[in-house]
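Letter by letter, the chains look like this.
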Amino acid sequence: MNTDNDIWIREVGTRDGLQSIQTQFSTANKLEWIRLEAAAGIPEIEVGSFVPPKLLPQMADTAEVVDGAVMVNDLTVSVLVPNLRGAQAGMASGAHLINFPLSVSEAHSEANLRKPVSAAIEDFANVMNYRREHPEHAHVRIGVGLATAFGCTISGQVALADVLRAAEKVTALAPDEIAVADTVGYGNPAQCRTIFREILAMAGDIPVAAHFHDTRGLGLANVDAALEVGVRRFDSSLGGLGGCPYAPGASGNVVTDDLVFMLEAMGLTTGVDLNKLLVARQFMEQHLSDEPTFGAIANAGLPKGFAPAMQRA
Ligand SMILES: [Zn+2]
């Protein structure tokens, strides 16, 4: 694992992207996508989720995808797990990291999980306990995701106090990572600075990641704001694959290719080779049916004289 770079990028297109579109990728095509992106230098890929196949048939082959992905050198393989059962499957799968999302919006938590935020946090505590009670899984890292931290489609605004209360409770459980997610693309840079400043201070040594959607065009601006206050881990999706069920025509996550370009242009190393990344993007696009992809660099090309950031020895 290369941890020498300034920024750690987690590709989530193979999970967040593929779960939001109609086209179903075969296991072989998912794995080829993963191999191409790993070859470009992406250090971590969220390769799928352990959710009931009835809910998300696109993710039904996640165990096989993990099997293939863990064979790729220098790649951290992560999966999303929505509950204890999924976490058990995730830990048994051989994935290096499992990510457990919970919604910090009461309205969203009630609507989607039919439980208050406090009960979802208890579920997460049970996942942490399960690992403690099963030493064979001690090496699996467990991350927690604070979803809808920047707003939610049901209640609109989510109070900062609610976000911080949830963050405080999950921090006390000592997860291996805390990701803060703008699930529906409501966030703005000022809000990012406020939320991440508080959560970074709270998290101490626990790494904090930012998960932004570019639904309203502020994805990279939000990345820049989070960078400014010290965030060094970002989720993104190749070609912005994903979209948003509530905003037809809107893009998905922050575009991995544009994110890498911005960071490298700013002098921050990512370990990612942009040209190889665009090869991975081409492969991914070839296997889509009607879904749009996004991103400026793929269309406009790199600026004349562009040089990636130099890795400090
Ligand atoms: Zn997302």
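Please refer to the structure higher up on the page.
Residues numbered from 1 in each chain as written. Predicted model: local features only at pLDDT ≥ 70, side-chain atom pairs only at ≥ 80, totals over all residues. Heavy atoms only, no water.

K.L.:
I would appreciate a short explanation of the overall build of the protein in the present structure.
P.N.:
Within the protein one finds 12 helices and 8 strands. Relative to the 2.2 N^0.38 estimate, which gives 20 Å for 313 residues, the radius of gyration of the protein is 18 Å and therefore close to what a compact globule would have. The principal-axis extents of the C-alpha atoms in the protein amount to approximately 50 × 45 × 40 Å. Looking at the protein as a whole, 54% of its 313 residues qualify as buried. (Helix = DSSP H or I, 4+ residues; strand = E, 2+ residues; numbered from the N terminus. Rg over C-alpha atoms; globule rule 2.2 N^0.38 Å. Buried < 20%, exposed > 50% of the residue type's maximum accessible area, 1.4 Å probe, protein only.)

K.L.:
How should I be thinking about the nonpolar core in this particular structure?
P.N.:
A general tendency of soluble globular proteins is for nonpolar side chains to be buried together. Counting residues in hydrophobic clusters, the biggest one holds 87 residues, and the most contacted among them are Leu102, Leu146, Val180, Phe196, Phe212 and Phe234. For this core, the leading source of residues is helix 6 (residues 117-133), giving 7 residues. With near-sequence residues (within four places) excluded, Leu102 lies in contact with Ala120, Ile121, Phe124, Val144, Gly145, Leu146, Ala147 and Val170. (Core = buried A, V, L, I, M, F, W, Y, C linked by side-chain atoms within 4.5 Å. Contact = heavy atoms within 4.5 Å.)

K.L.:
Quick question: what am I supposed to make of the sheet that holds strand 8 (residues 233-236) here?
P.N.:
To summarise the sheet geometry, strands pair through backbone hydrogen bonds and adopt either a parallel or an antiparallel arrangement. Taken in spatial order, the 8 strands close into a barrel running 1-2-3-4-5-6-7-8, and their pairing is parallel. Ignoring strand direction, the axes of neighbouring strands in this sheet form an average angle of 25°. Bridging between strand 1 (residues 8-11) and strand 8 involves 4 bridges; their strand directions are parallel. Pairing of Trp8 across the sheet is with Arg233, part of strand 8. Sheet strands in contact with helix 6 are strand 4 (97-103) and strand 5 (141-147), and its direction is about 165° off that of strand 4. Lying on the sheet, helix 7 (residues 160-172) is in contact with strand 4, strand 5 and strand 6 (177-182); it crosses strand 5 at an angle near 170°. (Pairing = 2+ DSSP bridges. Axes fitted to C-alpha atoms, helices over the stretch in contact; angles between N-to-C directions.)

K.L.:
I keep staring at the pattern of salt bridges and nothing clicks. Help me out?
P.N.:
Two side chains bearing opposite charge may form a pair once their charged atoms approach each other closely. Scanning the model with the defined rule gives 14 salt bridges in all. Linking Glu177 and Arg10 is a salt bridge whose minimum nitrogen-to-oxygen distance equals 2.7 Å. Here Arg10 lies in strand 1 and Glu177 lies in strand 6, a separation of 167 residues in the sequence. Here Arg10 falls in the buried class, since its relative accessible area comes to 2%. Close ionic contact of Lys115 with Asp123 constitutes a salt bridge, the shortest N to O distance being 2.5 Å. Taking relative accessible area as the criterion, Lys115 reaches 25% and is therefore assigned partly exposed. One connected set of salt bridges, linked through shared partners, spans Arg10, Glu44, Glu177, Arg233 and Asp235. (Salt bridge = Lys/Arg side-chain N within 4 Å of Asp/Glu carboxyl O.)

K.L.:
What am I meant to see in the coordination of the zinc ion here?
P.N.:
Tetrahedral coordination by four donors places them ideally at 109.5 degrees to one another around the metal; octahedral coordination by six donors ideally gives 90 or 180 degrees. Listed as protein donors to the zinc ion are Asp16 (OD), His211 (NE2) and His213 (NE2); their distances from the metal cover 2.1 Å. Donor residues for the zinc ion sit on one chain with the sequence pattern D-x194-H-x1-H. Residue Asp16 is located in helix 1 (residues 13-17), and its partner His211 is located in strand 7 (residues 208-212); the two are separated by 195 residues in the primary sequence. Overall, the relative accessible area of 7% leaves Asp16 in the buried class. (Donors = N, O, S within 2.8 Å, 3.2 Å for Na, K, Ca; no water.)

K.L.:
Any chance you could explain the packing of aromatic side chains here in plain terms?
P.N.:
The relative placement of two aromatic rings is captured by the distance of their centres and the angle of their planes. Scanning all chains against the criterion turns up 6 aromatic pairs. An angle of 80° between the planes, with centres 6.0 Å apart, marks the rings of Phe196 and Phe212 as edge-to-face. With Phe196 in helix 8 (residues 189-203) and Phe212 in strand 7, this pair connects stretches of sequence that are 16 residues apart. Among the residues examined, Phe212 registers a relative accessible area of 1% and is labelled buried. Ring centres of Phe261 and Phe306 lie 5.4 Å apart, and the angle between their planes is 50°; this geometry places the pair in the tilted category. With Phe261 in helix 10 (residues 256-265) and Phe306 in the segment after helix 12 (297-300), the pair connects residues that are 45 residues apart, well separated along the chain. An aromatic cluster of at least three residues, connected via ring pairs, comprises Phe150, Phe196 and Phe212. (Phe/Tyr/Trp six-rings, centres within 6.5 Å; stacked < 30°, edge-to-face > 60°.)

K.L.:
Please explain the pairing of strand 1 as it appears in this structure.
P.N.:
Residues in a regular strand project their side chains so that they alternate between the two faces of the sheet. Of the two faces of strand 1, the one holding Trp8 and Arg10 and the one holding Ile9 and Glu11 are both buried throughout. Relative to strand 2 (residues 44-49), strand 1 runs parallel, the two being bridged by 2 bridges. The partner of Glu11 across the bridge, within strand 2, is Ile45.

K.L.:
Explain the environment of Phe306 to me, please; I cannot follow it from the model alone.
P.N.:
Classification of Phe306 as partly exposed rests on a relative accessible area of 22%. As a C-alpha pair, Phe306 and Phe212 span 94 residues in sequence and 26 Å in three-dimensional space.

K.L.:
What is the right way to read the environment of Asp176 from this model?
P.N.:
With respect to the helices and strands, the residue Asp176 is situated in the loop between helix 7 and strand 6. With relative accessibility at 27%, the residue Asp176 sits in the partly exposed group. Separated by 32 residues in the primary sequence, Asp176 and Val208 have C-alpha atoms spaced 9.2 Å apart. Residues in contact with Asp176, not counting those within four places in the same chain, are Arg131, Val140, Arg141, Ile142, Ile206 and Pro207. A polar contact of 2.7 Å, which involves the side chain of Asp176, links it to the side chain of Arg131. (Polar contact = N/O pair within 3.5 Å; in protein donor to acceptor, adjacent residues only side chain to side chain.)

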